[in-house]
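Residues per chain are reported as follows:
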Amino acid sequence: MGTPSLSPWAVLALALVLLGLRAPSVVRGQPNFIVVLADDVGWGDLGANWAETKETPHLDQLAAEGTRFVDFHSAASTCSPSRASLLTGRLGVRNGVTHNFAISSLGGLPLNETTLAEVLREAGYSTGAIGKWHLGHHGRHHPNSRGFDFYFGIPYSHDMGCTDTPGYNLPPCPPCPRHGTTAREARKDCYTEVALPLFENVTIVQQPVELGSLATRYAEEAARFIQRASDSGRPYFLYLALAHMHVPLTPPLPPAPGRGIYGASLSEMDALVGRVKEVADSHGKGNTLLWFAGDNGPWAQKCELAGRLGPFVGAWQRQRGGSSAKQTTWEGGHRVPALAYWPGRVPAGRTSHALLSVLDIFPTLVALAGAALPPNRRLDGLDVSPVLFGRSDVGHKVLLHPNSGAAGQVGEIEALRLAQYKAFYTTGGAMACDGSTGPAERHHPPLIFNLDRDLQEQEPLDVESAEYQAVLPAISRAYARALQDIAADNVSVADYSQDPAAIPCCNVQHVGCRCRGAHGAALGPHVEKRTPRLCL
């Protein structure tokens, strides 16, 4: 029998294989990624974590069908630094983002920092960001300039602008003015001058935002993005940064008795995540990793509008005043709920006790995509694929916790974790519900807690004890090595300067920058040249 001849197309395909060139089918084999980041959510806000919580059936089902991480941490205890670390795999002391950006900020996440979206887009991914950004919105700091093909959301926290339906906040904030200066009402801690904008890519499509419909719109836009990406045949990366559970809360219906406003809002968030999971499953179940986590702990000064800490109450600090949640380096400030779901890859019904961080998302997704990490910089995150897939339950040996506003210089490292031990060189409490704040205190030698038997951080080890004396040298060495590594790194500096011209404004002629009509205003290069003024 003669040897069959090969067609020219077959010869070309064989040549591509022999040369090691990638064909489109290889790209389609890359997994999809959905990262859902909840805002100000407490570790105890997840029913799978805390039995008292009854409002998260979809998230609890996600935990049952995937893996729950119970020792998972945000990279900072406030918004911008935590998000910058997720998208770079680097702490704020390296990437330059040490505190929050303002509505008038000219800068953002430094442009020399490489984002996860940029790496994945280079690897062939369709990239989308939906929700809160808070890493700079002016000029090249906008999400569309940071690796995201598509953006739909609010450029910062949704309490950083007025709306016509303000929702629930403490203190309560007035609606946007409509008829000029005489209608304005100044309130402490409220933005009353400029309306909150909603963007689609670089266009303001609504100002002020209708907060009550935001969850529905985010779910719809997520579904559209997933559909478009699936139709294109490309893998996708969707970064869904929710408004929940940050104030103001806008539950869709009057809360049922006993649930309260927070509980109703938590249910809305849970349903939103459930809807996104359902859509993702319908477009590629088994090829999509969904990773849910929080950006930091609850905002305790919001009282009944703040989430549940679970057992991580920071008792030592509470005894001295102030909150031990958001903005602090106590466990309640940075230990957050986290789940991973990937049918057939991530074990179902598993609980992992590995010490993990939002920092790990960057290197892990890059590795799973078969992409390369950015050169000439050091990462704080790890590729935790072995933990994700159940082959290991070992994460970080050392995890650093930067100051986030309650005490010490923001961004500086003055608390760290070594195995089960937590060491504090500086402590302090953020503002609590009762208005108290805890004084900043320096500790030399450091306070050390054994979290294996003291999750409440109530009783530090006695400095004279054999346990303290045994662990102190290891902590001191780990701390010194970490600071030396940071000092030797390619460190960025963020621009925190402000200019009223940077405030997103749909129409400078209208009170509060209010949009009128169906069409929004595009933010092109002309925005940077606008005459500096408050958009009133």
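Use the structure listed above.
Residues numbered from 1 in each chain as written. Predicted model: local features only at pLDDT ≥ 70, side-chain atom pairs only at ≥ 80, totals over all residues. Heavy atoms only, no water.

**Student:** Describe the packing of aromatic side chains, naming the residues involved and giving the relevant values.
**Tutor:** Per the counting criterion, the structure on display carries 18 aromatic pairs. Centre to centre, the rings of phenylalanine 225 and tyrosine 236 are 6.0 Å apart; their planes meet at 85°, and the pair counts as edge-to-face. Of this pair, phenylalanine 225 sits in helix H7 (residues 214-232) while tyrosine 236 sits in strand S8 (residues 236-241), and the two are eleven residues apart along the sequence. Overall, the relative accessible area of 3% leaves phenylalanine 225 in the buried class. A cation over a ring is seen here: lysine 302 above tryptophan 299, with NZ or CZ 4.6 Å from the ring centre. Over the ring of tryptophan 342 we find arginine 345; its NZ or CZ atom is 4.6 Å from the centre of that ring. (Phe/Tyr/Trp six-rings, centres within 6.5 Å; stacked < 30°, edge-to-face > 60°. Helix = DSSP H or I, 4+ residues; strand = E, 2+ residues; numbered from the N terminus. Buried < 20%, exposed > 50% of the residue type's maximum accessible area, 1.4 Å probe, protein only. Lys NZ or Arg CZ within 6 Å of the ring centre and 35° of its normal.)

**Student:** Describe helix H13 (residues 466-487), and please don't skip the residues or the numbers.
**Tutor:** Between its first and last C-alpha atoms H13 spans 33 Å; for 22 residues at 1.5 Å apiece the expected length is 32 Å, and the two agree. Within H13 the residues assigned to the buried category are Tyr468, Val471, Leu472, Ile475, Ala478, Tyr479, Ala482 and Ile486. Elements that come into contact with the buried residues of H13 comprise helix H5 (92-95), strand S13 (398-402), strand S14 (413-418), strand S15 (421-429) and strand S16 (438-450). (Expected span 1.5 Å × (residues − 1). Contact = heavy atoms within 4.5 Å.)

**Student:** Describe the environment of valine 398, listing the residues and the values that go with them.
**Tutor:** Within the secondary structure, valine 398 sits in strand S13. When its relative accessible area of 28% is taken as the criterion, valine 398 is described as partly exposed. Linking valine 398 and isoleucine 475, residues 77 residues apart in sequence, is a C-alpha distance of 9.0 Å. Beyond its immediate chain neighbours, meaning those up to four positions away, valine 398 contacts Leu416, Arg417, Leu418 and Ala478.

**Student:** Run through H7, naming residues and quoting values.
**Tutor:** The terminal C-alpha atoms of H7, which comprises 19 residues, lie 27 Å apart, in line with the 27 Å expected from a rise of 1.5 Å per residue. Within H7 the residues assigned to the buried category are Leu214, Ala215, Tyr218, Ala219, Glu221, Ala222, Ala223, Phe225, Ile226 and Ala229. Buried residues along H7 sit against strand S1 (32-38), strand S4 (126-131), strand S5 (150-153), strand S6 (198-200), S8 and helix H8 (260-282). Remark: glycine 233 follows H7 within two positions and exhibits a positive phi of approximately 80°.

**Student:** An account of the sheet that holds S15 is needed here, citing residue identities and associated values.
**Tutor:** Think of a sheet as strands paired side by side through backbone hydrogen bonds, with each pair either parallel or antiparallel. Spatially, the four strands line up as an open sheet ordered S13-S14-S15-S16, and their pairing is antiparallel. Edge positions in the sheet fall to S13 and S16, since each of these pairs with one other strand and no more. Within this sheet the neighbouring strands show an average axis-to-axis angle of 20°, counted without direction. Summarising the sheet, S14 and S15 pair through four bridges and their orientation is antiparallel. If you follow alanine 415 over to S15, its bridge partner there is phenylalanine 424. Sheet strands in contact with H13 are S13, S14, S15 and S16, and its direction is about 125° off that of S14. (Pairing = 2+ DSSP bridges. Axes fitted to C-alpha atoms, helices over the stretch in contact; angles between N-to-C directions.)

**Student:** Explain the packing of H7 against H8 residue by residue, including any values.
**Tutor:** Running from amino to carboxyl end, H7 crosses H8 at an angle of 15°, the nearest separation of the two axes being 10 Å. Judged on the interaxial angle alone, H8 and H7 are roughly parallel. Handedness of the crossing formed by H7 with H8: right-handed. Along its contact with H7, which presents Ala215, Tyr218, Ala219, Ala222, Ala223 and Ile226, the element H8 presents Glu268, Leu272, Arg275, Val276, Val279 and Ala280. (Parallel < 35°, antiparallel > 145°, perpendicular 65-115°, else oblique. Left-handed = near helix turned anticlockwise from the far one by under 90°.)

**Student:** How would you sum up the environment of serine 357? Please name residues and give values.
**Tutor:** Note that serine 357 resides in strand S12 (residues 356-357). When its relative accessible area of 1% is taken as the criterion, serine 357 is described as buried. Note: C-alpha distance between serine 357 and valine 336 (21 residues apart in sequence) is 9.2 Å. Leaving out residues up to four positions away in the same chain, serine 357 has contacts with Phe72, His73, His396 and Leu399.

**Student:** Describe the pattern of salt bridges, with residues and values.
**Tutor:** As enumerated under the stated definition, the model contains 28 salt bridges in all. Of the charged contacts in the structure, one is a salt bridge between arginine 308 and glutamate 55, with a shortest N-O distance of 3.6 Å. With arginine 308 in the loop between strand S9 (288-294) and helix H9 (315-318) and glutamate 55 in the loop between S1 and helix H3 (57-65), the pair connects residues that are 253 residues apart, well separated along the chain. Since its relative accessible area comes to 28%, arginine 308 is described here as partly exposed. A relative accessible area of 10% places glutamate 55 in the buried class. Taking the shortest distance from any N to any O, the salt bridge between arginine 121 and aspartate 149 comes out at 3.1 Å. Here arginine 121 is found in helix H6 (residues 116-122), whereas its partner aspartate 149 is found in the loop between S4 and S5, with 28 residues between them in sequence. A single network of salt bridges, built from pairs that share partners, joins Arg90, Arg94, Glu113, Arg377, Arg378, Asp380, Asp485 and Asp489. (Salt bridge = Lys/Arg side-chain N within 4 Å of Asp/Glu carboxyl O.)

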